[in-house]
Amino acid sequence: MTANSTALAPASLFVGDVTLKGLEDDIYRPLESFPTTRWWLAISFTGALASIFALCAGITVTQGIGTWGNNNPVGWGWAIVNFVFWVGIGHAGTLISAILFLFRQRWRTGIARFAEAMTVFAVICAMQFPLFHTGRPWLAMFWLIPYPNDQGIYQNFRSPLEWDVFAVSTYGLVSLMFWYTGLIPDLATARDRAKHQFRKFVYGVLSLGWKGSNRAWSHYEKAYLLFAGLSTPLVLSVHSIVSFDFAVSVIPGWHTTIFPPYFVAGAIFSGFAMVATLIIILRKMFHLQHLITDNHLELMNKIIIATSLMVGYAYAMEFFMAWYSGVAYERYVFLNRALGPYAWAYWTMAICNVLAPQLLWFKKIRRTALLMYPVVLLVNVGMWFERFVIVVTSLHRDFLPSSWDYYKPTLVDIGLFVGSIGIFLTLMLLFCRFLPTIAATELKVVLAESRSEGGHRE
Amino acid sequence: MSAEPSHAITDLIPAPRPCAGLRNAAVILVIVGGLLSVAALISDVHRARFGFAYLWAFSFVWAVALGALFFVGLQHLVHAVWSVAVRRIAEMFAGLIWLVAILFVPLLLYCIYNDRFGLYPWLDANKVAHDSLLSGKKAYLNLPFFTVRAVVFFALWIAFAAYFTGGSLKQDAGRGGVEVSLRMRRTAAPFMMLFAVTATFASIDWLMSLEPLWFSTIFGVYVFSGMVVTSLSIISIATVWLRSSGRLGRGIVGDGHLYNLGVLLFGFVCFWAYIAFSQYMLIWYGNIPEESFYLIRRLDGGWLVLSIALALVRFVIPFLALLSRPAKINATRLVWVSVLLLLGQFLDLYWLIMPQIHHDQPVVGWPEFGPPLLMLGALALYISHFLKRYLPLAVGDPLPEMPVFLLPHRFVRLSLEPSYTEAFESLARRFRHVLEN
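Residues numbered from 1 in each chain as written. Chains lettered and ligands numbered in written order. Predicted model: local features only at pLDDT ≥ 70, side-chain atom pairs only at ≥ 80, totals over all residues. Heavy atoms only, no water.

### Comments concerning the interface of chain A and chain B
Here is the rule we go by: Residue contacts are counted whenever heavy atoms from the two residues lie within 4.5 Å of one another. A 1.4 Å probe defines the accessible area here, and the buried area is the portion of it lost by two parts on being joined, summed over both. Basic side-chain nitrogens of Lys or Arg form a salt bridge, by our definition, when they fall within 4 Å of a carboxyl oxygen of Asp or Glu. Side-chain atoms alone can form a polar contact between residues adjacent in sequence; in general such a contact is a pair of N or O atoms within 3.5 Å, and within protein one must be able to donate a hydrogen while the other accepts it. Only DSSP runs of H or I reaching four residues or more are called helices, and only runs of E reaching two or more are called strands; each is numbered from the N terminus. Residues are sorted three ways: Asp, Glu, Lys and Arg are charged, Ala, Val, Leu, Ile, Met, Phe, Trp, Tyr, Cys and Pro are nonpolar, and all the rest, Gly among them, are polar.
The partner chain B presents 59 residues to the 45 residues of chain A that form the contact. Overall, the association of chain A and chain B removes approximately 4,200 Å² of surface from exposure, summing both partners, and the carbon and sulfur fraction of that is 70%. It is A:L8, A:R104 and A:Y324 in chain A that bury the most area against chain B; as a group they hold 20% of the surface buried on that side. For the interface between chain A and chain B, the tally reads 0 salt bridges. Connecting chain A to chain B are 11 residue pairs in polar contact (both at pLDDT 80 or more). When residues of the side of chain A that touches chain B are assigned to their parent elements, the largest contribution, 10 residues, is made by helix α11 (residues 294-325) of chain A. Split into classes, the residues belonging to the side of chain A that touches chain B amount to 26 nonpolar, 11 polar and 8 charged.

### With respect to a nonpolar patch on the surface
All names here are of chain B. Going by this rule: Residues qualify for a patch when their relative accessible area is over 30% and they have no salt bridge, like charges being joined within 9 Å and the nonpolar side chains of Val, Leu, Ile, Met, Phe, Trp and Tyr within 5 Å. Here the accessible surface of atoms and residues is derived via Shrake-Rupley with a 1.4 Å probe, and residues count as covered only by protein chains that are part of the display. Burial here depends on accessible area, computed with a 1.4 Å probe over protein chains only, as a share of the maximum for the residue type. Under 20% is buried, over 50% is exposed, and the range in between is partly exposed.
There is a patch of nonpolar side chains on the surface, built from Y280, W284, L299, L304, I308, L312, V316, I317, L320 and W336 and spanning about 900 Å² of accessible area. No other element matches the 6 residues that helix α14 (residues 303-322) contributes to the nonpolar patch. Within the secondary structure layout, W336 lies in helix α16 (residues 331-353). The partly exposed category is assigned to W336, whose relative accessible area is 42%.

### Remarks on helix α13 (residues 289-299) of chain B
Residue and element names in this part refer to chain B. The following threshold applies: The arc refers to the directions leading from the helix axis to the C-beta atoms.
Those residues of α13 that sit buried are E291, S292, Y294, L295 and R298. Buried residues of α13, viewed axially, fall in a sector of 140 degrees; they line one side. Looking one or two residues past α13, G301 carries a phi angle of roughly 55 degrees, positive in sign.

### Notes on the packing of α11(A) against helix α15 (residues 369-396) of chain A
Between two packed helices, what matters for the description is the angle formed by their axes and the separation of those axes. Residues and elements named next belong to chain A. Stated formally: For helices, the fitted axis covers only the stretch in contact; all axes are lines through C-alpha atoms, and the angles between them, taken along N-to-C directions, range from 0 to 180 degrees. Handedness of a crossing follows from how the near helix is turned relative to the far one, being left-handed for an anticlockwise turn of less than a right angle and right-handed for a clockwise one.
In contact at an axis separation of 12 Å, α11 and α15 are set at 35 degrees when each is read in the N-to-C sense. By crossing handedness, the relation of α11 to α15 is classed as left-handed. Residues L297, N301, I304, V311 and Y315 of α11 lie in contact with α15, whose contacting residues are A369, M372, V376 and E386. Residue classes in the contact of α11 with α15 are distributed as 7 nonpolar, 1 polar and 1 charged.

### Concerning unusual backbone geometry
All names here are of chain A. Phi at L208 takes a positive value of approximately 55 degrees, unusual for a residue other than glycine. Inspection of the secondary structure puts L208 in the loop between α8 (197-206) and α9 (214-247). Judged by its relative accessible area of 59%, L208 is exposed. A positive phi is found at H287, a non-glycine position, where the angle reads about 55 degrees.

### Some words on the pattern of salt bridges
All names here are of chain A. In the structure shown here, the tally under the stated rule is 22 salt bridges over all chains. The salt bridge partner of E32 is R193, with a shortest N-O separation of 3.0 Å. Separated by 161 residues along the polypeptide, E32 in helix α1 (residues 20-32) and R193 in helix α7 (residues 160-193) bring together distant segments of the chain. What makes E32 partly exposed here is its relative accessible area of 35%. According to the relative accessible area criterion, R193 is buried, its value standing at 19%.

Dropping the structure here:
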């Protein structure tokens, strides 16, 4: 084969001479060595942040929701913003593991495990906000989950908030099971590599006695495919239902038909940005640049720019239709977004989500971790602001001008959000130390395949 | 490098030859459709119905051509390898877009002589003057701007179709190899952006503005999803037909290709349902009169049956028929599901367009048959013309390797070059035999 036509071949997923043994050693090294000082420093910091969450949650529970900034027109404040933000982040994992699997995208293997873990932790963070918004989380089970009771009182099944309970908990559970199913062969490897008896025992239990027999693999592959098939509609449904929280209402700025696909695109956008944000640090700290290569970053950046454009399309379409509809309230809400008291938030969102990702048109930026890093950080910020803009600007000036108000978060609001970041990062740090961050077994298959292809090419 | 293998692969598939049967059928369709159309046009009673029927049939061929153009662009964008074997078929349908542009001219003439046809209410100056909502939209909904937009849309689509289809045909002729492929990949991204904007506003202009008071932000995506299903259906039908008639050579388009087409079709059928449900559910739930009237009209009287049929034909039946994996490799099933989905597209467009003229119930009579027959005839004529001149396979594509499918999920990567068919005939059959037992 001439060098000419190989220009069209898919990019390599490995850098340098990667061997099966070397690959395994590199992935399992963090599990088998004592954490570095840097890791201890990092987890102390994130743990401290997480404790802020505990503190603010305590204040909320003991003193009530009045400690939050919610006011009369803005009945939903940071809590729902944070909820949607975290659920959105939780989208990349299952998209990578399910949809990219069905599309036979082999590059997903390098980042799938990490993204799935992120999904599970992000959903955990997301659930905190509606839970504490109920005021008495220990009673929430009775309020949220329909169960037969002698009072004959049931949840309002016509409320999208109730659909959320089902959608998010289903998504969380399926993501967790999908993640765990994928982990089983890798946990077995951790067990087989273990030197200490206790370690062998723990990983042995976790790997459910995996032996790697033909029959086990056959069942495993089948289960994985089924999970992928089941998760795919879930990826779309969760954020569609989250968007229904807003869109089934008749509030201008919330009630618009493009919301479901727009929210899904935004969720994938923010999820990929968060994966990129964290995986760049991971591959640097654990020296995994030869397994999570610049080619992986480039492909992720392409998805980021594609979804950024989809989100931009939705922003533009909302504005156009607000004008085209001729409805005075629709027009006012959108003008108020761009020029009103929250214009700063609106333009932050537009710049971070639509303008900044345009830098990724440059190949050099897509492929250089240091150059793309500011972009993905901005996307993380921008996607939080998107939810803020949707929630707060649509509410703060409602149909009755006498009740217009300006929403400001309180310290408790801020503490809960910062604290949830702490919970998320703490869980990520623990994950990096106790579980293989890359799907080692799957990656070995990809490595073997790419080698045999190299043979073909000659 | 490009010259030698393309010689080799062209030996494996038959040279282009005329398809007399298709051409004759096409000519008959064009004549019958044309006569019916003219008859409806000159009759004072049926003229308005003819106008709507023309828009209906026009939107169908438009969706075929533009959906195929999207398919071609998408394959370049994602650097797809498997689809090389079917991409030319999509390129063929994408090349139809210039014919669609010609077919748009009569539509524009109706708009100019709107007082006689009454297609778009916003063209009625009297009506606009007495309706503050309509006159508020005058900046967008006016004939000069409408025309300018249409010209820009068609100019862009024709340019891109010429670029992608022309580039691929150039490779067949041995001119331009890897460079052309790489350039098409680079162009695919900006193409997608322009496609999204133009397809959206074309759907708003031609379909949504039939009811100028109604609005839905998802409308462009709705039309797009139906468009992609339509083009995938027609590509699937053409692939199976060309394969069985021997025009694609032997072993080049395998079950794996059908499987992939089936997967995409299944995926976009679900996507259409998702978008349609999102639009319907949110409007129904919000229940604001200024947008719900559009749906109420389509759920009232005789239209209810059609709305239910739409859900069955466009989603429920194809979903169940394509769900299992063997179903997607079954050529017969793929074809009948695709035919059903093409009917579904006609149904969907009918559902969008016709309630504007027949308020109480769907009406189908001979005036509704003229334009669809005419345009299907034109489509068939175009295909027979294309196949007479060009190969239905992109033989000049310099892709280094193509997956030869043994089973839907198991394939070996092989060169597209001479070894391709040979490998499939000997090696693949042995593997297939082993795997099947």
